[in-house]
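Analysis of the macromolecular model
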Amino acid sequence: MKRKRVKFWLKGFLISLLVLLAGWVVYTYSAWYLMCRGVLHLTGLYTIDSLLDGSIVKFVEAARYLFLPSLTLGLMLSGVFIRLTRSNMLETLRLDFVTAARARGLKESSVVYGYALRNAFLPILTMMGLQFAMLLGGAILTETTFSWPGLGRYLVDRINFRDYTAIQGAVILFGILVAFVNLVVDILYAYLDPRIRF
Amino acid sequence: MTVEYQTRRGDIRAVNNVSFTLEEGEMLGLVGESGSGKSTLGLSIIRLVPHPGVIVSGHLRIDGTDILNLSEKEMRGIRGKKVAFIFQDPMTSLSPVKKIGAHFVELIRTHEPNISEKEALKRAKTTLNDVGILPERINDYPHQFSGGMRQRIMIALAIALSPDLIIADEPTTALDVIVQAKILDLLKSLRDTYGMALILITHDLSIVLERCDKILVMYGGSFVEYADNKELHGNPIHPYTRGLLRSIPNIELAEQKLEAIQGSPPDLLSPPEGCHFWPRCSFAKKQCRMERPTIVEFGPGHLVRCFKEAERF
Ligand SMILES: Nc1ncnc2c1ncn2[C@@H]1O[C@H](COP(=O)(O)OP(=O)(O)OP(=O)(O)O)[C@@H](O)[C@H]1O
Ligand SMILES: [Mg+2]
């Protein structure tokens, strides 16, 4: 609940910021129509389409539209990760092997990153997999407010039209994405922690 | 050397004015009950007393240089290279996500940057062989070893750069009795081959009596008695040392009753006035409660902090 409030506030804040920055990051309803004009329409992902089209200029253009929504989504989730990383690091830094590494005269940076962070990262990785679902949920709201024609807004539109087949399709796609990301996380987990083998 | 833990409830003097000297190749046993400040003293030698611990005063000379005056960077050059530390719990002293070999390579290349990774691995294998671990297992992870083997690996890490001093903080407390004896004998034989000095921290006086050249007894953060092995065994002065000696089982005197020392160690937040040991001492007199005894030299190299002794002269 709290995070949603933060997100709405952030949205308002970013939009006003944007007005001030005037033009660098584009935000208008009709902007993306202009964007689409003359762009190859293969995947519907504008960044990828523009690259397939072989136009760097259009790619940069497409990336500019993504900047603000991505920032909003990322900032929203970063709170969870900052807190989790902090508490995990504090716990790991107290462990014996960290003291033992210091006692061997290793540099503080290799103690903190090579020993503490490497070990504290495992639960963070799990959280990344879980939070991916949150990210998709957040995308629905963010795309609606930023008028970005993404999957999230597509889903909302289709719900408004009670277009059940389309809703099913979008939901299944979201589900597959979440499952896939979590699979990747599990495989990475075994790679990072030698104690885990499948 | 004096070390304090500055906590919110007050300063805990974990090490109160303890001093000793150690010659090359000597083995010192540091004995005391749990909480007597042994680990704190050991860690202060490599300046790694955990927060909120502070070395309040003292000198610590290694080859004449006072390491308390060194910068943090210079200090890192000493840790692992000149003074190595072996911790109590081998199960948690190695990073679970790093191969054994990586621990060695990192250690060797931190202190000797121009050694190649290959060469460092080769050296690691020789060292592992010295402590009785198959060199082929260098690519295994810590969880693939038993506790005793991990402690051997920790010892190998300690001797890898042939330091002048190794501090072993209860290296065998987490292991069973047979492995315990093997590890301690390994330490002693490595000492004999490499000639480094060794500080063995333990709460078990019998371990120290069997192996060490000199013994330092601590109680409640304070120096109690310091002498070489024979002298301390044959002629203990301090009532606490005597109590410890009487509490060791002895096969020849099977009939003898084991005596425990009555009472419990002092609360270091508010230690008793006078001698820290008086509430448990059967010889305690009025003077012991009022003032703190000074360290007196009883015989050559035999130091005691007790009034009982001062009176004899
Ligand atoms: N981080 C800390 N904060 C506050 N006090 C501490 C801290 N660490 C240790 N102490 C206190 O310092 C004293 C000495 O602790 P130390 O760990 O040196 O004892 P020890 O002799 O090694 O005991 P053991 O045989 O159980 O290992 C204890 O009374 C303990 O309460
Ligand atoms: Mg200890």
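Within each chain, residue numbers correspond to sequence positions counted from 1 in written order. Key to labels: chains lettered from A, ligands numbered from 1, both in the order written. In view of the model being predicted, local features appear only for residues whose pLDDT reaches at least 70, and side-chain atom pairs are presented and counted only at 80 or more, with totals across whole chains, interfaces and linings using the full set of residues. Side-chain measures here rest on the full set of heavy atoms in the structure, leaving out hydrogens and waters.

1. Focus: the overall build of chain B
Numbering of helices and strands runs from the N terminus; a helix is a DSSP stretch of H or I covering at least four residues, while a strand is a stretch of E covering at least two. Within chain B one finds 11 helices and 13 strands. Here the C-alpha coordinates of chain B stretch approximately 65 × 50 × 35 Å along the principal axes. Each residue is placed in one exposure class: buried if its accessible area under a 1.4 Å probe, protein chains only, is under 20% of its type's maximum, exposed if it is over 50%, and partly exposed if it falls in between. Relative to its 313 residues, chain B shows a buried fraction of 52%. Using a 1.4 Å probe, the Shrake-Rupley method yields the accessible areas, and only the shown protein chains count as cover for residues. As displayed, chain B offers around 14900 Å² of accessible surface, 51% of which is attributable to carbon and sulfur atoms. Positive charges are assigned to Lys and Arg, negative charges to Asp and Glu, while His and the chain termini are left out of the count. Think of each charge as sitting on NZ of Lys, CZ of Arg, CG of Asp or CD of Glu. Between the averaged position of the 38 positive side-chain charges in chain B and that of its 39 negative side-chain charges there is a distance of 4 Å.

2. Some points on unusual backbone geometry
For the peptide bond that leads from His51(B) to Pro52(B), omega is 0°, which places it in the cis range. On the secondary structure map, Pro52(B) appears in the loop between helix 1 (38–45) and strand 4 (53–57). A positive phi angle, near 50°, is found at Arg162(A), a position not held by glycine. Relative to the elements of secondary structure, Arg162(A) occurs in the loop between helix 7 (151–160) and helix 8 (164–192). Positive phi, normally seen in glycine, also occurs at Arg47(B), with a value near 55°. Topologically, Arg47(B) is positioned in the loop between helix 1 and strand 4. Judged by its relative accessible area of 21%, Arg47(B) is partly exposed.

3. Some details on the site of ligand 1
Residues and elements named next belong to chain B. Around ligand 1, 16 residues are found, and the nearest of them are Ser 34, Gly 35, Lys 38, Ser 39 and Thr 40. Between ligand 1 and Ser 36, the relevant distance is 3.2 Å, taken from an oxygen atom to a main-chain nitrogen or oxygen of the residue. Within 3.5 Å is the distance limit for a polar contact, defined as a pair of N or O atoms, with the added protein rule that one can donate a hydrogen and the other accept it, and that residues adjacent in sequence qualify only through two side-chain atoms. Contacts to ligand 1 include Lys 38, whose side-chain N or O atom sits 2.7 Å from an oxygen atom. Bound to the protein, ligand 1 loses 69% of the 640 Å² it would expose on its own. Listed by contribution, the elements that provide at least two residues to the shell around ligand 1 are strand 1 (2–7), strand 2 (10–15) and helix 1. No other element matches helix 1, which puts three residues into the shell around ligand 1. Of the residues in the shell around ligand 1, the class split is five nonpolar, eight polar and three charged. Throughout, the term near means that a residue has one or more heavy atoms lying within 4 Å of the molecule or strand in question. As a working rule, the residues Ala, Val, Leu, Ile, Met, Phe, Trp, Tyr, Cys and Pro are called nonpolar, Asp, Glu, Lys and Arg charged, and the rest polar, with Gly in that last group.

4. Here's the deal with the packing of aromatic side chains
Residue and element names in this part refer to chain B. Ring pairs shown here join Phe, Tyr and Trp side chains whose ring centres sit within 6.5 Å, with only the six-membered ring taken for Trp; geometry is labelled stacked below 30 degrees between planes, edge-to-face above 60, and tilted in between. Per the stated rule, a full pass over the model turns up four aromatic pairs over all chains. Ring geometry for Tyr 219 against Tyr 240: centres 4.7 Å apart, planes inclined by 55°, an arrangement best described as tilted. With Tyr 219 in strand 10 (residues 214–219) and Tyr 240 in helix 9 (residues 239–246), the pair connects residues that are 21 residues apart, well separated along the chain. For Tyr 240, a relative accessible area of 0% gives the class buried. For a Lys NZ or an Arg CZ to count as sitting over a ring, it must be within 6 Å of the ring centre and within 35 degrees of the ring normal. Seen from the ring of Phe 145, Arg 137 lies directly overhead, with NZ or CZ sitting 4.1 Å from the centre.

5. A few points about the interface of chain A and chain B
By definition in these notes, contact holds between two residues if any of their heavy atoms fall within 4.5 Å. Each partner contributes to the interface: chain A provides 20 residues, whereas chain B provides 25 residues. Two parts placed together each lose some accessible area; with a 1.4 Å probe, that loss summed over both constitutes the buried area. On the chain A side of the interface with chain B, the three residues burying the most area are Ala103(A), Arg104(A) and Pro194(A), jointly 30% of the side's total. Take a side-chain nitrogen of Lys or Arg and a carboxyl oxygen of Asp or Glu: if they are within 4 Å of each other, that pair is a salt bridge. Where chain A packs against chain B, one counts zero salt bridges. Listed by contribution, the elements that provide at least two residues to the side of chain A that touches chain B are helix 5 (96–103) and helix 6 (108–145) of chain A.

6. Considerations on the environment of Arg211(B)
Looking at the secondary structure, you find Arg211(B) in helix 7 (residues 205–211). Residues within four places of Arg211(B) in sequence aside, it is in contact with Met27(B), Ala181(B), Leu184(B), Asp185(B) and Lys188(B).

7. Concerning the sheet that holds strand 1 of chain B
Residue and element names in this part refer to chain B. Pairing in this open sheet of three strands is antiparallel, and the strands run 2-1-4 from one edge to the other. With one partner strand each, in any of the chains shown, strand 2 and strand 4 form the two edges of the open sheet. The average angle at which neighbouring strand axes cross in this sheet is 35°, direction not considered. Two strands qualify as a pair provided DSSP detects at least 2 bridges between them. In this description, a line fitted to the C-alpha atoms serves as the axis of each element, helices being fitted only across the stretch in contact, and the angle between N-to-C directions of two axes falls anywhere from 0 to 180 degrees.

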